[in-house]
Every structure is written in structure tokens, then in C-alpha cells.
Amino acid sequence: MLIEKYDLEVFTPPCDPGAERYAARARLTTDISEIMPYLNATLDGAVYLKGANALTWKKGRHTIAFHPYEIAISNVENRDGAEKELKGLIDLVNRTWERRADITPDTTTRKRPTPMAIYKLLPNTNCKQCGEQTCYTFALKLAASQKNLAECPSLAEPQYTAQRTGLDSILI
Ligand code: SF4
């Protein structure tokens, strides 16, 4: 187990006092730098900055940041949820640490695609089946990891196979 001890803190971000959103951080007694390339290799949408020794990851509406002695999460609806999410992240780090021998570490920095790059590969029919008014709105939400490709049923149609392959490759 990599992380055995930590202090948990849940708070309302100082830039938004009184907001109905919470952030949380776990202060660690262990340096988790070594696990970051393994997390980078396994977490969809992770951005690893080797020079800064930091990794960020969009998980749904949450932004998560891993630092050597800290894991932080933002944009959580309530205190209990923030605490639960953070504990889940600590479990994730420990599970990844246990199976690191089976993972090829990745120290590259992957860039998130822009909404326009995503939009260009969508069917552009504005059919609304994904629940959005336009394909561009869907692209914005894909870029922010608030939607996933499976929510656009049109992409399963044979004429969009090439676009789907392209989207799969840029949205890793
Ligand atoms: S379901 Fe797909 S094609 Fe239809 S509006 Fe949404 S993104 Fe566009």
C-alpha cells in the first residue's frame, strides 16, 4: 500500500465563499511522485506535467490534482460527497500501486483536444439524441469530460466509422 496515512480536509473554495460546491484535499505523509506515470498510463484524459511533478485528471464534473504529498478534488456538491470521492481516489492510487508491474508507465504529456477539433469529427446533424441542442455543445461537454462518445448514437452508424475512430484516438 502506497498511501497509508493522510489528513482529510473539506472546504468551500476561498474564491467562492458560500458556494454550494466543495473542494477537498488529502495531505499525505508519503511522496506519491512515483505513481504518477502509472496513473498517466491508465486514466483517460489525464494530463501529466513531469517538470511540475503534477498530474491532473477530469473525472466527470470534478477536477482532480495529484501532487507529491497531496491529492485534491474540486467541484463536489456536498461535504460527504467530497470526502467519499477523495477516499475513492486514495483507493485508486493504492490499487494502481499494487498492479504497477503490469502497467507500462507513461511520462508524456497528452494534450486535451479542443472542442473545435472534436466538433469536426462529430456527425454535425444536430439531431439532439445526445440530449444537447447542437453537436457543438456536445463537443464542448466531451472536451470537459462531462459527456462520453457513447451518448451520441449516430456515431455507431457505419457511415461514421472513420470519425468514431478519430474521436477514439484524440479522446484517450
Ligand atoms: S447525438 Fe451526435 S449527431 Fe446528434 S446532436 Fe448529439 S452529437 Fe450531434
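For the structure itself, look to the data block above.
Residues numbered from 1 in each chain as written. Predicted model: local features only at pLDDT ≥ 70, side-chain atom pairs only at ≥ 80, totals over all residues. Heavy atoms only, no water.

A. Representation of the sheet that holds strand β2 (residues 22-28). Reading across the sheet, the 6 strands line up as β1-β2-β6-β5-β4-β3 and stay open at both edges, with antiparallel pairing between neighbours. Only two strands of the sheet have a single neighbouring strand rather than two, namely β1 (6-11) and β3 (47-49). Here the average twist between neighbouring strands, direction ignored, is 15 degrees. Across 6 bridges, β1 lies against β2 in antiparallel orientation. Counterpart to Leu 8 in the pairing with β2 is Ala 26. The strands that helix α2 (residues 79-98) touches are β1, β2, β4 (54-59), β5 (62-67) and β6 (70-76); relative to β6, the one it contacts most, it runs at about 140 degrees. (Pairing = 2+ DSSP bridges. Helix = DSSP H or I, 4+ residues; strand = E, 2+ residues; numbered from the N terminus. Axes fitted to C-alpha atoms, helices over the stretch in contact; angles between N-to-C directions. Contact = heavy atoms within 4.5 Å.)

B. Layout of helix α4 (residues 135-143). Taken residue by residue, α4 has Cys 135, Phe 138, Ala 139, Leu 142 and Ala 143 as its buried positions. Burial along α4 is one-sided: seen end-on, the buried residues are contained in an arc of 135 degrees. Where α4 is buried, its residues touch α3 (115-119). Of the residues trailing α4, Ser 145 is marked for its positive phi of about 60 degrees. (Buried < 20%, exposed > 50% of the residue type's maximum accessible area, 1.4 Å probe, protein only. Arc of directions from axis to C-beta.)

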